[in-house]
Amino acid sequence: MDFAGTKEVVYERSDWPLEKLQEYFKNDTLCILGYGSQGHGQGLNARDNGFNVIIGVRKYGASWEKAEEEGWVRIQPLRVYLHPEVDLLVRFLARLFSPLRRP
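Keep in mind it's a predicted model, so treat the numbers as computed, not measured. (Residues numbered from 1 in each chain as written. Predicted model: local features only at pLDDT ≥ 70, side-chain atom pairs only at ≥ 80, totals over all residues. Heavy atoms only, no water.)

Draft legend 1. Spotlight on a nonpolar patch on the surface. Together, Val9, Tyr11, Trp16 and Tyr24 line one region of the surface with nonpolar side chains, adding up to about 490 Å² of accessible area. Mapped onto the secondary structure, tryptophan 16 falls in the loop between strand 2 (6–7) and helix 1 (18–24). Judged by its relative accessible area of 31%, tryptophan 16 is partly exposed. (Patch = residues over 30% accessible without salt bridge, like charges linked within 9 Å, V, L, I, M, F, W, Y side chains within 5 Å. Areas by Shrake-Rupley, 256 points an atom, 1.4 Å probe, with all protein chains shown as cover. Salt bridge = Lys/Arg side-chain N within 4 Å of Asp/Glu carboxyl O. Helix = DSSP H or I, 4+ residues; strand = E, 2+ residues; numbered from the N terminus. Buried < 20%, exposed > 50% of the residue type's maximum accessible area, 1.4 Å probe, protein only.)

Draft legend 2. Up close: helix 2 (residues 37–48). Here helix 2 spans 16 Å end to end across 12 residues, near enough to the 16 Å set by a 1.5 Å rise per residue. Residues of helix 2 that are buried: Gly39, Gly43 and Ala46. End-on, the buried residues of helix 2 take up no more than an arc of 70°, which puts them together on one face. Exposed side chains of helix 2 directed beyond 90 degrees from the buried face belong to Ser37 and Asp48. Buried positions along helix 2 lie against strand 3 (29–33) and strand 4 (52–56). Just beyond helix 2, the residue with positive phi is glycine 50, at close to 90°. (Expected span 1.5 Å × (residues − 1). Arc of directions from axis to C-beta. Contact = heavy atoms within 4.5 Å.)

Draft legend 3. Quick look at the packing of aromatic side chains. The final tally for this structure, using the stated rule, is 5 aromatic pairs. Plain terms: the ring middles of tryptophan 16 and tyrosine 24 are 5.3 Å apart, the flat faces sit at 80° to each other, and that makes the pair edge-to-face. Within the aromatic cluster, the residues linked to one another by ring pairs are Trp16, Tyr24, Phe25 and Phe51. Geometry around tryptophan 16 places lysine 20 over its ring, the cationic atom sitting 4.4 Å from the centre. The side chain of arginine 47 reaches across the aromatic face of tryptophan 72, ending 3.9 Å from its centre. (Phe/Tyr/Trp six-rings, centres within 6.5 Å; stacked < 30°, edge-to-face > 60°. Lys NZ or Arg CZ within 6 Å of the ring centre and 35° of its normal.)

Draft legend 4. Highlighting the nonpolar core. Counting residues in hydrophobic clusters, the biggest one holds 10 residues: Ile32, Tyr35, Ala46, Phe51, Val53, Ile55, Val57, Trp64, Ala67 and Trp72. Beyond its immediate sequence surroundings of up to four residues, alanine 46 is in contact with Leu30, Phe51 and Val53. (Core = buried A, V, L, I, M, F, W, Y, C linked by side-chain atoms within 4.5 Å.)

Draft legend 5. Examining the environment of lysine 26 more closely. Looking at the element boundaries, lysine 26 is found in the loop between helix 1 and strand 3. Lysine 26 gets classed as partly exposed once you look at its relative accessible area, which sits at 46%. Separated by 24 residues in sequence, lysine 26 and glycine 50 have C-alpha atoms that sit 8.7 Å apart. Among the polar contacts listed, one links the side chain of lysine 26 to the side chain of glutamate 23, at a separation of 2.8 Å. (Polar contact = N/O pair within 3.5 Å; in protein donor to acceptor, adjacent residues only side chain to side chain.)

What follows is the structure in structure tokens.
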């Protein structure tokens, strides 16, 4: 596909059926940062489809307790990038959006 002169490859759902995704991510842990309405829904969707999922939330915040009550493994967002099983992209995002980041 051509986007303003840049060629891009577009993947469709049929390119990555659930079984292929499960095989691809079988040794990985996905981290959902935040546990609001989107984080909650996306986390449940991924977990229900057989993926390993942890939730990145602020320790002792309202979402921290809610995630615990609902049986999630929680991790503080600033520690996400240290987790040995979390994808490199998530580690990068955790650093990028860290409140300790300096301009």
